[in-house]
Structure formats: structure tokens, C-alpha cells
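Given next are the chains, with one letter for each unit.
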Amino acid sequence: MSTDKAQSWVYSEEFLPEDDVLLRARERAAQLGCSPVLPGAGAALSVLAAAAGARAVVEIGTGTGVGSLYLLRGMPSDGVLTTIDLEVEHQRAAKEAFTEEGLRPTRTRTISGRALDVLPRLTDGGYDMVFVDADKESYPGYVEQAVRLLRPGGVLAVDNALWHDRVADPARRDELTTIIREVGRTVRGDDRLLPAMLPSGDGLLVAVRR
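Presented here is a report on the structure given in the accompanying data block. (Residues numbered from 1 in each chain as written. Predicted model: local features only at pLDDT ≥ 70, side-chain atom pairs only at ≥ 80, totals over all residues. Heavy atoms only, no water.)

1. So, the overall build of the protein
The condition that has to hold: Where helices and strands are cited, they refer to DSSP runs of H or I of at least four residues and of E of at least two residues respectively, numbered from the N terminus. In this treatment the radius of gyration is a C-alpha quantity, and the globule benchmark scales as 2.2 Å times the residue count to the 0.38 power. For every residue, the accessible area obtained with a 1.4 Å probe (protein chains only) is divided by the maximum for its type, and the residue is called buried under 20%, exposed over 50%, and partly exposed between those limits. Throughout, a residue-residue contact means that at least one pair of heavy atoms, one from each residue, lies within 4.5 Å. Exposure was quantified through the Shrake-Rupley algorithm and a 1.4 Å probe, taking into account, for residues, occlusion by the shown protein chains and nothing else.
A tally of helices and strands in the protein yields 8 helices and 7 strands. Relative to the globule expectation of 17 Å for 210 residues, the C-alpha radius of gyration of the protein, 16 Å, shows essentially globular dimensions. For the protein, the spread of C-alpha atoms along the principal axes amounts to about 45 × 35 × 30 Å. Counting all 210 residues of the protein, 51% fall into the buried class. Restricting the contact set of the protein to residue pairs at least 6 apart, pairs at least 24 apart contribute 69%. For the protein, the accessible area works out to roughly 10300 Å², and carbon and sulfur atoms hold 53% of it.

Below, the structure is given as C-alpha cells:
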């Protein structure tokens, strides 16, 4: 990457400074060992949620609520975020962020459990947006479920789609890089989806359900 390109990436990540609520959620993430969505990708999530008029959103991987906040800020005031995480402690931290944000309890539905157990119980075509940001080994299953959940015109977003700049390097063949690279190929080759790869954050793979 050229120096100019690297500076452009930093500029885009810092284009919208984060407020205290987001920064405190990031601090909790660091304490709990979470890796939240980076600011540039988070800003893109807000825009995508707003553009889709997303009233019903599923988030796979709550963490401490950084991604949740970005999604909720783009959603209409009556929108509901269903967010799933295996770690109860993470969701407790996310609820702190939701309280600091001044969100009504009815705006969020937190579900503790394995996402691959929870997702099949959600309604086919019942959601405007699905955001995937959890354990990378399960990304193929998460994306498969996400496509089922999306209505026509609904938005899929997958974080860490460039995986620390390893995905673009064909010489990188470790397990996680290979899984994420294959997810990109799957989304790109799915006739039901109109995809794009955004270099924001750690890479945000996005697609619209046809």
C-alpha cells in the first residue's frame, strides 16, 4: 500500500469522530477482549441501515454494543435490533451502552446463545438488515442464514471481510483467512445478492437481497 493510500484509510476511519458513548463501549470491549467494528465500518453500517429504512435488524455478535449503536443510530426511531451473543457478560456490557445512549428497552432484543441455534428460529424474509460480526469459523453458516432472513431489498453486512489484509493475499492460506475468503466468493457468486466490498475498517462485505 502506498503511503498516500494508507493516509487515506486513516483519514476515512477518523472522518466521523466517535462520541463518549461509543468510546466507553470500546473501552469495555478492550477490557473483555472483544474486537468491535472499526469507526469507518461502523459509520457505513449507520448509512446502510438508514438507506434501507431498516426497522427490523439482526446482529450476529453483540460484543459490547459498538456495532449495535451504529446500527441503531441509522434505524428509524421505531426500529428494533435483535442482537445475539453467546457471552452473557458481553451483552451486559452492551446494555450499559444502550442505557447511556438513552434507548428505550423496546428498541433492542438481546438473545444469549449460539447464533446457529437461534437464527433458524427467526422468520424467513422478516428482516431489513443482517450484520455478521462473530466467530469467523461460523461465517459460512451465518451468511447462509442471513440470506434466508432478508426480505427483497434487505441488506447483508459482514465485518472483517478483509481479515487484517490477509484475504487479498493468495499466499495466506491459514484456516480463518481461507474461510473468510470463501465467504466472499460465495456472496459474490450468489445470484440472489448484489454485492460490494468496502475497504472501511477491516473490510465490510455488503450485499442487497434481490
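2. Quick look at the side chain of Arg26
Along the polypeptide, Arg26 turns up in helix H2 (residues 20-32). Setting aside anything within four residues of it in sequence, one finds Arg26 in contact with Glu18, Pro36, Val37, Leu38, Pro39, Val66 and Tyr70.

3. Describing the pairing of strand E5 (residues 150-159)
Put simply, the rule is: Whether two strands pair depends on DSSP finding at least two bridges between them. Whether a crossover is right-handed comes down to one check: with the strands pointing away from the viewer, does the path from the first strand over the helix to the second run clockwise; if it does, it is right-handed.
In terms of burial, E5 is largely enclosed, as 7 of its 10 residues are buried. The pairing of strand E4 (residues 127-132) with E5 spans 5 bridges and is classified as parallel. By the bridge assignment for E5, Met129 is matched with Val155. Between the parallel elements E4 and E5, the chain passes through helix H7 (residues 139-149) in a crossover that is right-handed.

4. Looking at the nonpolar core
Put simply, the rule is: Nonpolar core, defined: a set of buried Ala, Val, Leu, Ile, Met, Phe, Trp, Tyr and Cys residues in which side-chain atoms within 4.5 Å join the residues together.
Formed by 30 residues in total, the largest nonpolar core has its most connected members in Val58, Ile60, Leu119 and Leu156. If you list the elements that add at least two residues to this core, you get strand E1 (56-60), helix H6 (115-118), E4, H7, E5, helix H8 (175-189) and strand E7 (204-209). Here this core gets 6 residues from one element, more than from any other, and that element is H7. Look past the residues within four positions of Leu119 in its chain and what remains in contact with it is Val58, Ile60, Ile84, Tyr142, Gln145, Arg148 and Leu149. One finds Leu22, Val37, Met75 and Ala157 within the second-largest nonpolar core, a separate group that totals 28 residues.

5. Digging into the packing of H7 against H8
The following threshold applies: Here an angle of 0 to 180 degrees is reported between the N-to-C directions of two axes, which are lines fitted to C-alpha atoms, with helices fitted over the stretch in contact. What sets the label is the angle itself: under 35 degrees gives roughly parallel, over 145 gives roughly antiparallel, 65 to 115 gives roughly perpendicular, and the rest give oblique. A crossing counts as left-handed when the near helix is turned anticlockwise from the far one by less than a right angle, and as right-handed when that turn is clockwise. Think of it as three bins: nonpolar holds Ala, Val, Leu, Ile, Met, Phe, Trp, Tyr, Cys and Pro, charged holds Asp, Glu, Lys and Arg, and polar takes everything else, Gly as well.
Taken N-terminus to C-terminus, the directions of H7 and H8 make an angle of 25 degrees; their axes are 9 Å apart at the nearest point. Taken together, the axes of H7 and H8 lie roughly parallel to each other. With respect to the hand of their crossing, H7 and H8 are arranged in right-handed fashion. Contacts from Tyr139, Pro140 and Val143 of H7 reach H8 at Ile179, Ile180, Val183 and Val187. Its residues placed into classes, the contact of H7 with H8 shows 7 nonpolar, no polar and no charged.

6. Digging into unusual backbone geometry
With a phi angle near 60 degrees, Asn160 is a residue other than glycine that sits in the positive phi range. Along the chain, Asn160 turns up in the loop between E5 and H8. Judged by relative accessible area, Asn160 falls into the buried class, the value being 9%.

7. Some thoughts on the environment of Ala41
Residue placement: Ala41 occurs in helix H3 (residues 39-52). Assessed through its relative accessible area of 0%, Ala41 is described here as buried. In the structure, Ala41 is positioned 162 residues away from Gly203 in sequence and 7.4 Å away in space, judged by C-alpha atoms. Beyond its immediate stretch of four places on either side in the chain, Ala41 contacts Glu13, Asp159, Ser200, Gly201 and Leu204.

8. Points about the sheet that holds strand E6 (residues 193-198)
Backbone-to-backbone hydrogen bonds pair the strands of a sheet. The strands run either parallel or antiparallel. If you walk across this open sheet you meet the 7 strands as E3-E2-E1-E4-E5-E7-E6, and the pairing is mixed. This sheet does not close on itself; its edge strands, each paired only once, are strand E3 (108-112) and E6. Taken pair by pair, the neighbouring strands of this sheet meet at an average axis angle of 15 degrees, ignoring direction. By the bridge criterion, 4 bridges tie E1 to E4 in an arrangement that is parallel. Residue pairing for E4: Ile60 is matched across the bridge by Val132. With respect to the sheet, H7 is in contact with E1, E4, E5, E6 and E7, its orientation differing from that of E5 by roughly 160 degrees.

9. Side note on the side chain of Asn160
Stated precisely, the cut-off is as follows: Each polar contact in these results corresponds to two N or O atoms within 3.5 Å; when the atoms are within protein, one needs to be able to donate a hydrogen and the other to accept it, and residues that are neighboring in sequence are counted only if both atoms are side-chain atoms.
Here the side chain of Asn160 touches Lys136 through a polar contact of 2.7 Å, side chain to side chain. With residues near it in sequence (within four places) discarded, Asn160 still touches Asp133, Lys136, Tyr139, Ile180, Asp202 and Gly203.

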